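Here are the chains, one letter per residue:
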Amino acid sequence: MDQKNGSSFTGFILLGFSDRPQLERVLFVVLLIFYLLTLLGNTTIIALSRLDPHLQTPMYFFLSNLSFLDLCYTTSTVPQLLVHLRGADKSISFAGCVAQLFVSLGLGCTECILLGVMAFDRYAAICRPLHYTVIMHPRLCALMASASWFIGFANSSLQSGLIFLVPLCGRNKIDHFFCEVTPLLKIACVDTTENENEIFFVSVIILLIPVALITFSYGQIVRALLRIKSASGQRKAFGTCGSHLTVVSLFYGTAIYIYVQPSNNYSQDQGKFISLFYTIVTPMANPFVYTLRNKDVTGAMKKVFCQDYDSR
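Residues numbered from 1 in each chain as written. Predicted model: local features only at pLDDT ≥ 70, side-chain atom pairs only at ≥ 80, totals over all residues. Heavy atoms only, no water.

Visitor: Can you explain the pattern of salt bridges? Please cite residues and give values.
Guide: Evaluated as defined, the whole model comprises three salt bridges. Residue aspartate 121 is joined to arginine 122 by a salt bridge in which the shortest nitrogen-to-oxygen separation is 3.0 Å. What makes aspartate 121 buried here is its relative accessible area of 2%. Look at arginine 122 and you get buried, because its relative accessible area is 10%. (Salt bridge = Lys/Arg side-chain N within 4 Å of Asp/Glu carboxyl O. Buried < 20%, exposed > 50% of the residue type's maximum accessible area, 1.4 Å probe, protein only.)

Printed below as a string of structure tokens:
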């Protein structure tokens, strides 16, 4: 960052919803409840996938990765937002803003890739059932999960570095509730067209390649499902695939709205509420989407809780 941002520059002001004090009070209560549900739901998924041997499969390995990711993603933004909603001080340090952008962007990119990997897992399970354990070998699963995290944070390192090299000339009021790409570029004092084009190009790649993989996987899955003669087999396959597609729709719908659109069409107010959706609503909903119709998970919950009760 250049000298004008320089040594006297101490941080940013996150305006958030400060122009709507009544809304801030309501949001504090709602977001606190959602955050606690997010912690509970995702921690439960991770714990069950470790405690129950029946859930130690590739599908639940990736699901526990997703739950851990959602825990980190929500925690990178929501606790600070809750503090800002309850107090007059809306500041964030320069280092804190850099860290927040790096972590949230890295986790968001990782989730894009991980959801594509999970679609491939469902494809292998349903379309290649006899070879599933060979295809989805534990080493391959670990490699694909590690690659998702590595690519996500490698991209975040590049994007964050480029964004904070843009001169701000002392401007420090960010019209958002956390350090996000588009609002940061809005306060730049130079033309950011090149940066916006570069971010748009990378976003298209990060978002659309997994979408293409998901589309291909589910195209094959639908064909395979139509050949399954067992009604119970069809219901189980539709249950796991339906859960994954619901999560995919929630995540990609909001991400595409935020990142894959021309900047002159971007509405700051709409962007805040859409960001609320993918930073807190989607991570909170994911565990419930995967467990409500999933007999494996509900069975594991009953088993673990009954064992705990019996041990007392």
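Still more ground to cover, so stick around.
Visitor: Could you give an account of the packing of helix α1 (residues 21-51) against helix α3 (residues 78-86), naming the residues involved and the relevant values?
Guide: In contact at an axis separation of 9 Å, α1 and α3 are set at 155° when each is read in the N-to-C sense. Put simply, α1 runs roughly antiparallel to α3. By crossing handedness, the relation of α1 to α3 is classed as left-handed. Residues Glu24, Leu27, Phe28, Leu31, Leu32 and Tyr35 of α1 form the contact with α3, whose participating residues are Val78, Pro79, Leu81, Leu82, His84, Leu85 and Arg86. (Axes fitted to C-alpha atoms, helices over the stretch in contact; angles between N-to-C directions. Helix = DSSP H or I, 4+ residues; strand = E, 2+ residues; numbered from the N terminus. Parallel < 35°, antiparallel > 145°, perpendicular 65-115°, else oblique. Left-handed = near helix turned anticlockwise from the far one by under 90°. Contact = heavy atoms within 4.5 Å.)

Visitor: If you had to explain the UniProt feature "transmembrane region" (unreviewed entry) in the chain to someone new, which residues and values would you point to?
Guide: The UniProt record marks residues 26-48, 60-78, 98-120, 140-158, 199-226, 238-260 and 272-292 with the feature "transmembrane region" (unreviewed entry), using the residue numbering of this structure. Structurally, residues 98-120 is divided into 100% helix and 0% strand, and its ends, taken at the C-alpha atoms, are 33 Å apart. Within the segment residues 199-226, helix and strand shares are 100% and 0% respectively, and the terminal C-alpha atoms sit 40 Å apart. (UniProt positions renumbered as here; feature names shortened; annotations may be inferred.)

Visitor: Requested: an account of the state of the cysteines, with residues and values cited.
Guide: Counted under the stated rule, the structure contains one disulfide. With a sulfur-sulfur separation of 2.0 Å, cysteine 97 is cross-linked through a disulfide to cysteine 179. Measuring the twist about the S-S bond at about -125°, one finds the cysteine 97-cysteine 179 disulfide to be left-handed. Within this pair, whereas cysteine 97 is found in helix α4 (residues 94-127), its partner cysteine 179 is found in the loop between β3 (173-174) and α7 (181-186), the two being separated by 82 residues in sequence. (Disulfide = S-S within 2.5 Å.)

Visitor: Explain the nonpolar core to me, using residue names and the numbers behind them.
Guide: Core analysis: the biggest nonpolar cluster contains 80 residues, and Phe12, Phe62 and Leu184 have the highest contact counts within it. The element contributing the most residues to this core is α4, with 17 residues. Phenylalanine 62 has contacts with Leu114, Val117, Met118, Asp121, Met136, Cys141, Met144 and Ala145, leaving out every residue within four places of it along the chain. (Core = buried A, V, L, I, M, F, W, Y, C linked by side-chain atoms within 4.5 Å.)

Visitor: Go over the sheet that holds strand β2 (residues 91-93) with me, naming the residues and quoting the values.
Guide: The mixed open sheet is built from three strands, whose spatial order is β2-β1-β3. Unpaired on one side and paired on the other, β2 and β3 mark the two borders of the sheet. The sheet contacts of α4 involve β1 (11-14), β2 and β3, and relative to β2 the element is tilted by about 85°. (Pairing = 2+ DSSP bridges.)

Visitor: Kindly report on the packing of aromatic side chains, identifying the contributing residues and their values.
Guide: As enumerated under the stated definition, the model contains 13 aromatic pairs in all. Taken together, a centroid distance of 6.3 Å and an interplanar angle of 5° make the contact between tryptophan 149 and phenylalanine 153 stacked. Taken together, the residues tryptophan 149 and phenylalanine 153, both in helix α6 (residues 138-163) and four residues apart, mark about one turn of the helix. The rings of Phe17, Phe177, Phe178 and Phe273 are connected pair by pair, giving a single aromatic cluster. Over the ring of phenylalanine 28 we find arginine 86, and its NZ or CZ is 5.1 Å from the ring centre. (Phe/Tyr/Trp six-rings, centres within 6.5 Å; stacked < 30°, edge-to-face > 60°. Lys NZ or Arg CZ within 6 Å of the ring centre and 35° of its normal.)

Visitor: Tell me what's going on with a nonpolar patch on the surface, and back it up with residues and numbers.
Guide: A contiguous nonpolar patch, built from Val29, Ile33, Leu37, Leu40 and Phe288 and spanning about 410 Å² of accessible area, is present on the exposed surface. Counting residues per element, the nonpolar patch draws most heavily on α1, which supplies four residues. Positionally, phenylalanine 288 belongs in helix α10 (residues 268-292). (Patch = residues over 30% accessible without salt bridge, like charges linked within 9 Å, V, L, I, M, F, W, Y side chains within 5 Å. Areas by Shrake-Rupley, 256 points an atom, 1.4 Å probe, with all protein chains shown as cover.)

Visitor: How would you explain the pairing of β1 if you had to name every residue and give the values?
Guide: The pairing of β1 with β2 spans three bridges and is antiparallel. Residue isoleucine 13 lies in a different strand from β2, and its bridge partner there is serine 91. By the bridge criterion, two bridges tie β1 to β3 in an arrangement that is parallel. Across the sheet, the residue bridging to leucine 14 is isoleucine 174, located in β3.

Visitor: How would you summarise the packing of α6 against helix α8 (residues 193-227) if you had to cite specific residues and measurements?
Guide: Relative orientation of the contacting elements α6 and α8 amounts to 165°, with a least axis distance of 11 Å. In this view, α6 runs roughly antiparallel relative to α8, as classed from their interaxial angle. Crossing of α6 against α8: the hand is left-handed. Only Asn195, Glu198, Ile199, Val202 and Ile206 of α8 make contact with α6, whose side of the interface consists of Asn155, Leu158, Gln159, Leu162 and Ile163. Residue composition of the contact of α6 with α8, by class: six nonpolar, three polar and one charged. (Nonpolar A, V, L, I, M, F, W, Y, C, P; charged D, E, K, R; others polar.)

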